[in-house]
Amino acid sequence: MKKHNFNAGPCILPRVAIENTAKAVLELDGIGMSILEISHRSKEFQAVMDEAVALFKEILNIPEGYQVLFLGGGASLQFCMIPFNMLNKKAAYLETGVWAKKAIKEAKLFGEVAVIGSSSDKNFTYIPKGWTIPADADYFHITTNNTIYGTEIREDFNSPVPLIADMSSDILSRPIDVSRYAMIYGGAQKNAGPAGVTFIIVREDVLGKVERAIPTMLDYRTHIKEGSMFNTPPCISIFTMKETLKWVKEMGGVKKMEEMDKAKAKLLYDAIDNSKMFVGTAEKDARSIMNICFVMKEQYKDKEDAFMDFAKSKGMVGIKGHRSVGGFRASTYNALPIESVQALVDCMAEFEKANA
Ligand SMILES: *Cc1c(COP(=O)(O)O)cnc(C)c1O
């Protein structure tokens with residue numbers, strides 16, 4: 001049966017990226033060897049890395065003065081690398097979910113952390129407003145898409161201090177004004193590629209301003225100097241990310257992705273809003289177009305397990321909500337076809353008809 005892959009991460013990837021990876025695993029471009037067994041310092045792999053960086057810069061319209069890195073360690077390693085490299089005395093954070101909390105926890109190891117806005121009082125169902133960024137902060141950190149709660153910041157803030165964004169789960173879902181940010185980072189496995197590679201876009205002038213000694217591997221300047229090859233990079237993950245970027249470009253770039261992602265999100269949110277049985281968990285003005293979270297209304301709560309089984313029988317995969325929200329979460333990342341969203345909507349309607 002056809003599977004509809006709503007996994008939150010690692011996520012569905014474009015079929016062509018997977019096919020091209022499969023080919024490169026067998027043999028890379030007629031060189032008689034697999035991508036898995038060549039040196040990261042070979043000209044063949046260097047070409048893969050160069051193309052990945054060039055595509056990322058082109059697709060996101062990254063201006064001069066920014067460096068692109070592809071490293072290991074996940075977005076989670078960035079939670080400590082950022083303050084290690086950039087926090088002198090004080091940093092400001094917006095607390096919009098579990099990932100933001102984890103970033104805050106690490107920053108506290110290095111200095112004072114001002115949490116200038118938080119939505120923890122309502123289980124992170126909204127994006128806090130009305131905060132002010134302290135002018136004496138070394139940087140301001142945000143999480144643009146809260147993967148677990150389905151809330152999203154879809155604007156590029158104006159910040160008087162360097163703005164840093166975790167865009168793990170919404171990079172490549174809209175055009176961004178990179179010049180507003182000092183740094184953008186994320187794990188590729190949510191919307192940009194497979195697990196194993198972390199993308200980092202960093203403006204060089206924000207580095208080198210802390211007094212403390214930084215271990216070589218944790219210093220961004222090391223990786224900039226060595227073109228992400230200070231040590232062995234996650235070669236195969238970078239290859240698949242490059243193939244995913246090629247697909248994004250061929251499809252029409254991030255503007256096209258946004259159009260498609262918005263259409264998918266509208267289809268599902270409309271179904272939720274018109275349903276007797278289901279209800280969305282995030283406040284409407286904060287709704288993510290990447291992760292769509294919903295539960296059953298109070299009077300139908302006892303039917304959640306039955307719906308899960310029914311959805312499974314119809315080929316739905318990965319729609320269980322995160323344990324801290326419950327219910328359901330459909331991740332509608334770039335590579336997910338709208339047909340899969342339609343299949344989920346049909347499945348919800350059929351279940352509702354039989355049970356409400
Ligand atoms: C998944 C996720 C992370 C953690 O990413 P890893 O690459 O697994 O460390 C961080 N931030 C956000 C927003 C995420 O969705």
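Residues numbered from 1 in each chain as written. Predicted model: local features only at pLDDT ≥ 70, side-chain atom pairs only at ≥ 80, totals over all residues. Heavy atoms only, no water.

1. Let's talk about the domain arrangement of the chain
Rules: Throughout, the edges of the domains are those of an automatic or database domain assignment. As used here, buried area is the combined drop in accessible area, with a 1.4 Å probe, of two parts when they are placed together. Counted as salt bridges are all cases of a side-chain nitrogen of Lys or Arg within 4 Å of a carboxyl oxygen of Asp or Glu.
When the domains of the chain are assigned, the result is domain 1 (15-251) and domain 2 (252-355). Taking only C-alpha atoms, the centre of domain 1 and the centre of domain 2 are 27 Å apart. In total, domain 1 and domain 2 occlude about 2,200 Å² of area from one another, counting both sides; carbon and sulfur atoms represent 54% of this. Summed over the shared surface of domain 1 and domain 2, the result is two salt bridges.

2. A look at the nonpolar core
What counts here: Among the buried residues, those of types Ala, Val, Leu, Ile, Met, Phe, Trp, Tyr and Cys that are joined through side-chain atoms within 4.5 Å form a nonpolar core. Buried residues are those whose accessible area, probed at 1.4 Å on protein chains only, stays under 20% of the maximum for their type, while exposed residues exceed 50% and partly exposed ones sit between those limits. In DSSP terms, a helix is any run of H or I states spanning at least four residues, a strand is any run of E spanning at least two, and both are numbered starting from the N terminus. Only heavy atoms enter the contact rule, under which two residues are in contact if any of them lie within 4.5 Å.
Counting 54 residues, the largest nonpolar core has Phe56, Phe70, Phe140, Ile171 and Leu172 as the members making the most contacts within it. In terms of residue count, the dominant contributor to this core is helix α2 (residues 43-60) (nine residues). In this structure, this core is formed jointly by two domains, domain 1 (15-251) and domain 2 (252-355), each of which donates at least three residues. With sequence-adjacent residues up to four places away left out, leucine 172 is seen in contact with Phe56, Ile59, Leu60, Asn191, Ala192, Leu245, Val248, Val254, Met257 and Asn334. With 35 residues, the next largest nonpolar core counts Ala271, Ile272, Met308 and Cys347 among its residues.

3. Section: the pattern of salt bridges
Here the structure, examined in full by the defined rule, presents 23 salt bridges. The salt bridge involving aspartate 270 is made with lysine 266; its shortest N-O contact spans 2.5 Å. One end of the pair, aspartate 270, and the other, lysine 266, are both in helix α7 (residues 253-273), four residues apart, so they sit about a helical turn from each other.

4. Concerning unusual backbone geometry
In this model, glycine 9 is joined to proline 10 through a cis peptide bond whose omega is -10°. Among the structural elements, proline 10 can be located in the loop between β1 (4-5) and α1 (15-26). Of note in this structure, asparagine 123 is not a glycine but carries a positive phi near 50°. In this model, serine 228 sits at a positive phi of 65°, which is unusual for a non-glycine residue. Taking relative accessible area as the criterion, serine 228 reaches 3% and is therefore assigned buried.

5. Describing the packing of helix α6 (residues 235-251) against α7
A packed helix pair is summarised by two numbers, namely the angle formed by the two axes and the spacing between the axes. The following threshold applies: Working convention: axes come from line fits to C-alpha atoms, limited for helices to the stretch in contact. Angles between N-to-C directions cover 0 to 180 degrees. Small angles under 35 degrees read as roughly parallel and large ones over 145 as roughly antiparallel, with 65 to 115 read as roughly perpendicular and the rest as oblique.
One way to put it is that α6 packs onto α7 with a least axis distance of 7 Å and a crossing angle of 80°. Looking at the two axes, α6 sits roughly perpendicular to α7. For the pair formed by α6 and α7, the contact residues are Trp247, Val248, Lys249 and Met251 on the first element and Gly253, Val254, Lys256, Met257 and Met260 on the second.

6. Some details on the pairing of strand β5 (residues 140-143)
Condition: Whether two strands pair depends on DSSP finding at least two bridges between them.
Going residue by residue along β5, you find Phe140 and Ile142 tucked away on one face and His141 and Thr143 tucked away on the opposite face as well. Bridging between strand β3 (residues 90-95) and β5 involves two bridges; their strand directions are parallel. Residue pairing across strands places tyrosine 93 opposite histidine 141, the latter belonging to β5. Pairing of β5 with strand β8 (residues 163-166), which is carried by four bridges, proceeds in the parallel orientation. Across the sheet, the residue bridging to threonine 143 is aspartate 166, located in β8.

7. Describing the pairing of β8
Alternating residues of β8 divide into Leu163 and Ala165 and Ile164 and Asp166, and every residue in both groups is buried. Strand direction decides the pairing type here: β8 and strand β9 (residues 183-187), joined by three bridges, are parallel. Bridge assignment links aspartate 166 to a residue of β9, and that residue is tyrosine 185.

8. Describing the packing of aromatic side chains
Here a ring pair, both rings aromatic, is described through the centre-centre distance and the interplanar angle of the planes. Inclusion rule: A pair of aromatic rings is counted whenever rings of Phe, Tyr or Trp (Trp by its six-membered ring) have centres within 6.5 Å, and the orientation is called stacked for planes under 30 degrees apart, edge-to-face for over 60 and tilted otherwise. Only Lys NZ and Arg CZ are tested; either one counts as a charge over a ring when it is within 6 Å of the ring centre and within 35 degrees of the ring normal.
Under the counting rule described, the total for this entry stands at 15 aromatic pairs. Geometrically, the ring pair formed by phenylalanine 79 and tyrosine 185 is edge-to-face, given 6.4 Å between the ring centres and 80° between the ring planes. In this pair, phenylalanine 79 sits in helix α3 (residues 74-86) while tyrosine 185 sits in strand β9, placing the two residues 106 residues apart along the sequence. The class of phenylalanine 79 is buried, set by a relative accessible area of 4%. Accessibility expressed as a relative area gives 0% for tyrosine 185, which makes it buried. Aromatic ring contacts, followed pair by pair, group Phe278, Phe294, Phe307, Phe310, Phe328 and Phe351 into a single cluster. We note lysine 122 situated over the ring of tyrosine 126; from NZ or CZ to the ring centre the distance is 5.7 Å.

9. Thoughts on the sheet that holds strand β11 (residues 278-280)
Judged by pairing direction, the sheet is antiparallel, and its three strands sit side by side in the order β11-β12-β14 without closing on themselves. Looking along the sheet, the strands with just one partner apiece sit at the ends: β11 and β14 (328-331). Here the strands of the sheet are splayed against their neighbours by 35° on average, with no regard to which way each runs. Strand direction decides the pairing type here: β11 and strand β12 (residues 291-296), joined by three bridges, are antiparallel. Bridge pairing in β12 places valine 279 opposite valine 295. Where α7 meets the sheet, its contacts fall on β11, β12 and β14, and the angle it forms with β12 comes to roughly 15°.

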